[in-house]
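Tertiary structure, described
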Amino acid sequence: GLSGMARPHPWEAAYPPGLDWGASIRTTTLGRVLEESAAAWPDRVALRYRDTAITYPALLSLARRVAGVLAALPEAQAGVALLAGNTAFHPAVVFGAAMAGLRVVMLSPIDAPRTIAHKLRDSGARLLVTVAHEGLLKLAGALAGMGMVGRLAVGDDAHWGKGPPSAPVPEGALRIEDWLAAPEPAALPAVSPEDVVLLQYTGGTTGLPKGAMLTHANLTAAAGAYAAWNGGSGPDGEQRVRRMIGVLPLFHIYAFTVDLLLTLQGGHELLIRARFDPDGALHDIEVLKATDLCGVPTMWIALANHPRIDTADLSSLRSASSGGAPLPPEVAARFERLTGKRLGGGWGMTETAPAGTAVPGRADLPPRPGSIGVPVPNVEMRIVAMDDPTRALPPGETGEIAIRGPNVFKGYWNRPEETTRAFVEGGWFLTGDIGRMDTDGYFFLTERKKDMILSGGFNVYPSVIEAAIHEHPDVLEAAVIGVPDAYRGQSAKAFVTLRSGAAPLTLEALQAFLAERVGRHEMPVALELREALPRTPVGKLTKLPLIEEEAAARAAASA
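The shown structure was predicted, so the numbers you read here are calculated from the model rather than taken from an experiment.

Backbone hydrogen bonds are what pair the strands of a sheet, in a parallel or an antiparallel way. Overall, mixed pairing links the three strands, which are arranged S24-S25-S26 in an open sheet. Two strands close off the open sheet at either side, each with one partner strand: strand S24 (475-485) and strand S26 (526-529). Here the strands of the sheet are splayed against their neighbours by 25° on average, with no regard to which way each runs. Where S24 meets strand S25 (residues 489-498), 10 bridges bridge the pair, whose relative direction is antiparallel. By the bridge assignment for S25, valine 483 is matched with serine 491. Contacts from helix H13 (residues 462-469) reach S24 and S25, with the element oriented near 145° to S24. This element, helix H15 (residues 544-558), spans S24, S25 and S26 of the sheet and lies at about 45° to S24.

The next thing to look at is the packing of helix H10 (residues 297-304) against helix H11 (residues 329-339). Running from N to C, H10 and H11 point in directions that differ by 55°, and their axes come no closer than 10 Å. One element, H10, and the other, H11, form an angle in the oblique class. Here the hand of the crossing between H10 and H11 comes out left-handed. On H11, the residues touching Trp300, Ile301 and Ala304 of H10 are Val331, Arg334 and Phe335.

In this section: unusual backbone geometry. Put simply, arginine 7 and proline 8 share a cis peptide bond, and its omega is -5°. Looking at where proline 8 falls in the secondary structure, it is placed in the segment before helix H1 (30-40). Omega for the peptide link from alanine 353 to proline 354 comes to -20°, which places this bond in the cis form. Mapped onto the fold, proline 354 is located in the loop between strand S14 (346-347) and strand S15 (357-358). Even without a glycine there, the phi angle at arginine 50 is positive, about 50°. Relative to the elements of secondary structure, arginine 50 occurs in the loop between strand S1 (45-49) and strand S2 (52-55). The residue asparagine 414 is not glycine, and still its phi comes out positive at about 60°. Checked against the element boundaries, asparagine 414 lands in the loop between strand S18 (399-404) and helix H12 (416-422).

We describe a pair of aromatic rings using the distance from one ring centre to the other and the angle between the two ring planes. One pass over the full model with this rule turns up nine aromatic pairs. When the centroid spacing of 4.9 Å and the interplanar angle of 70° are considered together, the rings of phenylalanine 409 and tyrosine 412 count as edge-to-face. Through a chain of ring-to-ring contacts, the aromatic side chains of Phe409, Tyr412, Phe423 and Phe429 assemble into a single cluster. In this structure, lysine 210 packs its charged tip against the face of tyrosine 412, placed 4.8 Å from the ring centre. Stacked on the ring of tyrosine 442, the Lys or Arg arginine 368 has its end atom at 4.0 Å from the ring centre.

With that settled, consider the nonpolar core. Residues Leu70, Trp179 and Leu219 are the most contacted members of the largest nonpolar core, which totals 155 residues. Ignoring sequence-local partners within four residues, the contact set of tryptophan 179 consists of Arg65, Val66, Val69, Leu70, Val93, Leu127, Val129, Ala153 and Leu174. Grouped together as the second largest cluster of nonpolar side chains are 17 residues, Ile465, Ile469, Ala478 and Met523 included.

This paragraph deals with the pairing of strand S16 (residues 371-375). Each regular strand shows side chains that alternate between the opposite faces of the sheet. Counting buried positions along S16 yields five of five residues, so the element is predominantly enclosed. The sheet contact formed by S15 and S16 spans two bridges and is antiparallel. Note on S16: the bridge partner recorded for alanine 358 is valine 374.

What follows is about the side chain of serine 491. Positionally, serine 491 belongs in strand S25. Side chain to side chain, serine 491 and aspartate 485 meet in a polar contact 2.6 Å long. Beyond its immediate sequence surroundings of up to four residues, serine 491 is in contact with Ile453, Ser455, Ile481, Gly482, Val483, Asp485 and Val525.

Further remarks concern the confidence of the model for the protein chain. On average, residues of the protein chain carry a pLDDT of 91, and 95% of them reach 70 or more. Segment residues 233-238 is flagged for pLDDT under 50; beyond a separation of four residues in sequence, or across chains, it makes seven contacts in the model.

What follows concerns the environment of proline 189. Examined against the element boundaries, proline 189 turns out to sit in the loop between helix H6 (176-181) and strand S8 (196-202). Between the C-alpha atoms of proline 189 and leucine 529, which are 340 residues apart in sequence, the distance is 58 Å. Discounting residues that sit within four places of it in the chain, proline 189 has contacts with Met99 and Ala100.

Spatially, S2-S1-S11-S10-S12-S13 is the arrangement adopted by the six strands of the open sheet, whose pairing is mixed. Strand pairing shows two members of the sheet lacking a second neighbour, S2 and strand S13 (319-322), which therefore form its edges. Put simply, the sheet's adjacent strands are angled 15° from each other on average, direction ignored. Two elements, S1 and S2, share four bridges in a ladder whose sense is antiparallel. Counted as the bridge partner of leucine 47 is isoleucine 54 from S2. Against the sheet, helix H2 (residues 56-71) touches S1 and S2, its axis set at about 85° to S2. Contacts from helix H8 (residues 253-265) reach S1, strand S10 (243-246), strand S11 (269-272), strand S12 (292-295) and S13, with the element oriented near 155° to S10.

What follows is about the pattern of salt bridges. Per the stated rule, a full pass over the model turns up 35 salt bridges. A salt bridge links aspartate 122 to arginine 415; its shortest N-O distance comes to 3.4 Å. Of this pair, aspartate 122 sits in helix H4 (residues 113-123) while arginine 415 sits in the loop between S18 and H12, and the two are 293 residues apart along the sequence. The pair aspartate 122 / arginine 415 is uniform in exposure class, with both members buried. Note that aspartate 284 is salt-bridged to arginine 273, the shortest N-O span being 2.9 Å. Pair noted here: aspartate 284 is in helix H9 (residues 278-286) and arginine 273 is in the loop between S11 and H9, with a separation of 11 residues, a long-range link. One salt-bridge network, held together by shared partners, links Lys493, Glu528, Arg530, Glu549 and Glu550.

Rules used throughout
- Residues numbered from 1 in each chain as written.
- Predicted model: local features only at pLDDT ≥ 70, side-chain atom pairs only at ≥ 80, totals over all residues.
- Heavy atoms only, no water.
- Pairing = 2+ DSSP bridges.
- Helix = DSSP H or I, 4+ residues; strand = E, 2+ residues; numbered from the N terminus.
- Axes fitted to C-alpha atoms, helices over the stretch in contact; angles between N-to-C directions.
- Contact = heavy atoms within 4.5 Å.
- Parallel < 35°, antiparallel > 145°, perpendicular 65-115°, else oblique.
- Left-handed = near helix turned anticlockwise from the far one by under 90°.
- Phe/Tyr/Trp six-rings, centres within 6.5 Å; stacked < 30°, edge-to-face > 60°.
- Lys NZ or Arg CZ within 6 Å of the ring centre and 35° of its normal.
- Core = buried A, V, L, I, M, F, W, Y, C linked by side-chain atoms within 4.5 Å.
- Buried < 20%, exposed > 50% of the residue type's maximum accessible area, 1.4 Å probe, protein only.
- Polar contact = N/O pair within 3.5 Å; in protein donor to acceptor, adjacent residues only side chain to side chain.
- pLDDT = per-residue confidence, 0-100.
- Salt bridge = Lys/Arg side-chain N within 4 Å of Asp/Glu carboxyl O.

Now the structure itself:
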């Protein structure tokens, strides 16, 4: 092939029976996905949210109406920023913008206002779309006060049926309900699979988040690779309609591709849930007969500890997977005992839309503890030397993971130098993750080249928290590390030295200071004041001793 990588790849032996790594996966546009699904399955429900069931043709019609409105709205042309949790407005707006040939910036409501402001400024998006929730409207108001909003559009979730009470919609805001009732446009702009449709921001370990330019082709290739992997699990692969519980945030690339796009591309049904609660999830499985649930470790821990879990009827579940952070082995084992199913998982990144690896679920293969699995169809991965990323290393050796495939992004928005640095000849993207591959083609992550904490499935960058702590007038120096958290996987702990003469700083006081400066998932859960922080022989701050001391203290405490 164009790669010089020999086929079969070592990992192909672990593939589900009948699945070919080189199977051709079609790339298309998000609009075409909806058009084809509406034509193929005119009677099927695509989405359920609150009291509303939306069929495929109805969803296509809503998206076309939104597309017509957005195509004519001057403030939408530089990008549509969506600040919302899980709601049926999300797919209507994202697919509508996609069909109008516009770029979408999906913002996380749990980010700090200043982080959101940076993403708006950097992306150039002037239209802010949100939902009538008190917290979101307060956030929108703060962003408007910073001059970051050209036009505000608000949807009231009461449109979809009963739920928590809505907040009043601000005067002068556009109403998304009006968009959904607008006439369908006679024609829409031509859209190419190579066009950028998502500017998906990914935290930098240094400095500010960067916008990963994901094309329609990248996203449909990623969804197609997952579909091929899932469909290879048996003869009835795609015949039966699946019902996916969509509880992970749709603004995150994992849920966008795996919950939303994969479901819509396959003619399945997505239950959009605003938040995870174990009772609700059990109801979806037992009563609505949900077949698929993608979660993060915090969710699986909550389900495994549910008082009714031992007697619950989980027989409808066909696949369950955990992503975002390492899952404690005892939770995985408990779940497998309860359901007879092995929790799937894998690895991916925003830049890969997020297809990368999947853990084989074949009962005839021994589990490989600690492995992130094998590359999915059409995706190539290799380990390259840290000192020369063009040199591939043999199995067993540790280096940087490089990846290539139709799902790999176009580059970082407005950052040509960073984009150039991120790729090496042959189109290989350097992930920044360190690992190795064994002789059977299974990959293992050994450490992150990047300084990063995984908290409840979200990437948390210590540099961001440190920068915010440094703004405190009494702080001389700060170092943040990840410490184990039974619920979130990891949380942030801050080590701080204070200026001479400063009053002692408490954790509560630090958290209050940081409330407007960092996101909820970034908030330190522990604080330790130090006379001095550890340094390398050349005087550079080093966190390794802090990480080792924490590990030793934990080992002593558990002994």
